[in-house]
Structures are given as structure tokens and as C-alpha cells.
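Notes for the structure review
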Amino acid sequence: MNAILTLPVVGQGLYDITRRVRQIVDEAHVTEGLITLFVRHTSASLLIQENAAPEAREDLERWMNRLVPENDPLYTHNDEGPDDMPAHIKSMLTAVSLSIPLMGGAMALGTWQGIFLWEHRHSRRSREVIVSVLGGRE
Amino acid sequence: MNAILTLPVVGQGLYDITRRVRQIVDEAHVTEGLITLFVRHTSASLLIQENAAPEAREDLERWMNRLVPENDPLYTHNDEGPDDMPAHIKSMLTAVSLSIPLMGGAMALGTWQGIFLWEHRHSRRSREVIVSVLGGRE
Amino acid sequence: MNAILTLPVVGQGLYDITRRVRQIVDEAHVTEGLITLFVRHTSASLLIQENAAPEAREDLERWMNRLVPENDPLYTHNDEGPDDMPAHIKSMLTAVSLSIPLMGGAMALGTWQGIFLWEHRHSRRSREVIVSVLGGRE
């Protein structure tokens, strides 16, 4: 079973989508299996990280912005502005797809793991993530 | 169903393998499911990125080559030449496996997403990628 | 079928878990399919890399430690000490989940590929990895 999630975004940042994904898992009624997330873009990505401390996530973003700054003279591709090429590079360094086991009807995330959509562009308004559920009722 | 793709390469670069993967998906006749790509090497990797603008891909390669240059005095492992250790590091920072949902009998890639084999060595001539298809006809 | 592996660790480093994973695959008696590994933490990650040369793995670790040093003034999140934020960043740059095809009853790893748990903290004593097996006997 595959479901398309349309996720609103407002500028760069980490958007917690754990609850939205959990809802799809609940509706699928799969006891034992695997879900896979896939982002349909080349300038946004997926991340499973710290769900409690917002400062940890802010540090991740600031570290990434320092490693991949805008206006680097290396870039030749700037069709869509100074955040275009950094967005592709940040996507390259993180995940386009992620899989999480389903056990006892729920995602087997660790205590501190949240699922995030990472928006790397300034002006996009929504993104699509596909949630693919494999498995059965054991 | 698992199929092994043998892919010719000539030196470093991003090789578009979307068409080769699509061919396997078409032959599998799976309507709804998931495919997973796996590269059987530690000095080549997989990437889903911008399929239209070649300059964007060239920027990705040049950015990566600057972050992970050859002849870095940090390296102690040089058994196979100056491109040996950079190839392992670039592989570490990108993907060894990638999953893409199958919907309506086709890969649910976004409009601008292509699938690439990223060759990190100068002198390899071919690489193996396994395409694993899971799912059924719904 | 999902199995939880509890893996002992002693400080930072790459721990070869290939044999432990192979044991679970053998017990699952799946001929053709896919296994997926998932690490239930945000400060440890998964890596498939060079299984023969220990110097190659040491170079990977030293390169990563140079890119993501402790005590970087950028970090604001230091709740659990100077290795806290670097561990999150290293996890972000590597994999939380990895998939490997099963062919002929065995993982289709390349000759030089080993599976590693990468511990990024100094003082953790054990970590959990879930091994998810999908497929059947063909």
C-alpha cells in the first residue's frame, strides 16, 4: 500500500512529520512489516533525528548551512537563485528514502527518534512524500 | 524478484541509470510495491538527483571533489592510488541502497528525479547494482 | 519478520555486525527477498564499507572526526557533553536504515562489503538494530 502525503512548508527547516506518518501506518492495519518514505524532490530530504531538543535540530541546520553556504563561487547552476545549488547538495548528503520496521502494529522508532522533512529552499510551499507499507497481519 | 544490472563506466562521474531500472520494473509487472537499488561496491554509490540540468550535476561533483580531495595527508590507506580513499569517503556520504515506491506499475519518481550510479574511481570499467522488486498486482 | 539485535559497544568506532546479521538471515529461511537494517538511535548509525583493510576504516573515522570536531563554537546543544552534537551530525551524514537484497538464501553483498554499526558516543554500552526480512521461498 502506497499513500502520498502532501506536506505544507514555509521556508527552510525541519518539519516533524512523525504524526502524519503514524496516521497512515494506523490506517494500514499492518502488524509486522516495513514502511519506506520517499521524497519526490531533489531540493528537500528526509531525516530521522532527535525529537526532543529543538536546539539539537537548530545546530544540525546551522552546521549544514555553514558546510554548504549560499553564493559559493564554485556553483555554476543558479537558475532558481542562491538557495538552488545548496539545496541540491544538502539533499545529496541526507536521505531521499528511509525505511522503518513495523512491529506490533507500530513503527519501531527509538525513544528519541522523530521523522522530519527537511526543506532546503526558501520559497516552496508544499512537498510530496510517499509512504509505502509492506507486510501483513501476523 | 531480484535482478543484477551490470553497468559499464568510464572514469568518475554520474551515470544516469533510470532507463535501465525502468526496464526491469516494466518486466516485473508489479502494479503496487517498492523497488530497492543496492550497489555492490564500497567506492561507487547511488544518487537520486536533478535529471535536467547537467550543470547541477557537475556542481555536485565539483563540490564533492573539493570536500574530499585526493592526496589529503590524513589518508594512510592508499593501496590502490590517490583516488582510493576519497572514493570510500564519497561512498560513505552518499547511498549504498535507495528505495522507490511503485504506483500504477511505474516508479513514483518526481518530475526532476533521475537515478544515478556515482562512480568514484578513475579506472573501473563496470559496476553491479541489484534491483529488488517487492509487491503485487492490486 | 523483524528481529531486534542488541549490540555491545565500547566507545566510538565501527563495529562489524555482518556475522550477527547473517545469522538472522539464515534463521529466516528466505530464499529471495530483501533485508533492511534500522538503528534505533540518533547518535549511532549504519555503514556498509570496506571489510578487509582496517586502515581504510580508520581513515573514514579520522576524516569524519576532522569534519565534525568536538567543541565547535557553533554548537549550542551540549546537554550530554562535547561528543553529543558531533554524534548527531555524524548520524545525519550516514545511514539510519540500509537495505540489502537476499538472493539464493544469502545477502548479496559485494566481496569487499561489510556491515558496520558506527558508534559516535564515548560512553554508550549497547545499541539496538532491527533486522527486517521481507520475501519468500522461490
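Predicted model only: the values in this text are computed from it and were never measured.

1. Focus on the sheet that holds strand β5 (residues 97-103) of chain C
Residue and element names in this part refer to chain C. Spatially, β1-β8-β3-β5-β6 is the arrangement adopted by the 5 strands of the open sheet, whose pairing is antiparallel. Looking at the sheet topology across the chains shown, the edges are occupied by β1 (2-8) and β6 (106-107). One ladder, built from 7 bridges, connects β1 with strand β8 (residues 126-136); its direction is antiparallel. Looking across to β8, one finds that A3 is bridged to V131.

2. Some words on the relation of the copies chain B and chain A
Turning one copy of the chain about an axis and sliding it along that axis gives the other copy, so a rotation and a shift relate them. Superposition of chain B onto chain A requires a rotation of 120 degrees combined with a translation of 0.0 Å along the rotation axis, giving an RMSD of 0.0 Å. Taken together, the turn and the small shift mark the pair as related by a three-fold rotation axis. Among all C-alpha atoms of chain B, that of L93 of chain B lies closest to the rotation axis, at 3.5 Å. A distinct binding surface is used by each copy, with only 11% of the interface residues of chain B retained as interface residues in chain A.

3. Here we look at the interface of chain B and chain A
How big an interface is tends to be stated in terms of the accessible area lost upon association of its parts. Facing 28 residues of chain B, the contacting portion of chain A comprises 22 residues. Going through the elements one at a time, β3 (32-39), β4 (44-50), α2 (54-67) and β5 (97-103) of chain B are the ones with two or more residues in the side of chain B that touches chain A. With 8 residues, α2 of chain B is the largest single contributor of residues to the side of chain B that touches chain A. Split into classes, the residues belonging to the side of chain B that touches chain A amount to 16 nonpolar, 5 polar and 7 charged.

4. Thoughts on the nonpolar core
If you look at the biggest cluster of nonpolar residues, it comprises 95 residues, and the most contacted ones within it are L46 of chain A, L37 and L46 of chain B together with L37 and L46 of chain C. Discounting chain neighbours no more than four positions away, the residues touching L37 of chain C are V21, L46, S97, L98, V129 and V131 of chain C.

Conventions adopted
- Residues numbered from 1 in each chain as written.
- Chains lettered and ligands numbered in written order.
- Predicted model: local features only at pLDDT ≥ 70, side-chain atom pairs only at ≥ 80, totals over all residues.
- Pairing = 2+ DSSP bridges.
- Helix = DSSP H or I, 4+ residues; strand = E, 2+ residues; numbered from the N terminus.
- Least-squares fit on C-alpha atoms with pLDDT ≥ 70 in both.
- Contact = placed C-beta atoms within 7 Å.
- Nonpolar A, V, L, I, M, F, W, Y, C, P; charged D, E, K, R; others polar.
- Core = buried A, V, L, I, M, F, W, Y, C linked by C-beta atoms within 7 Å.
- Buried ≥ 20, exposed ≤ 12 C-beta atoms within 10 Å, placed from the backbone.

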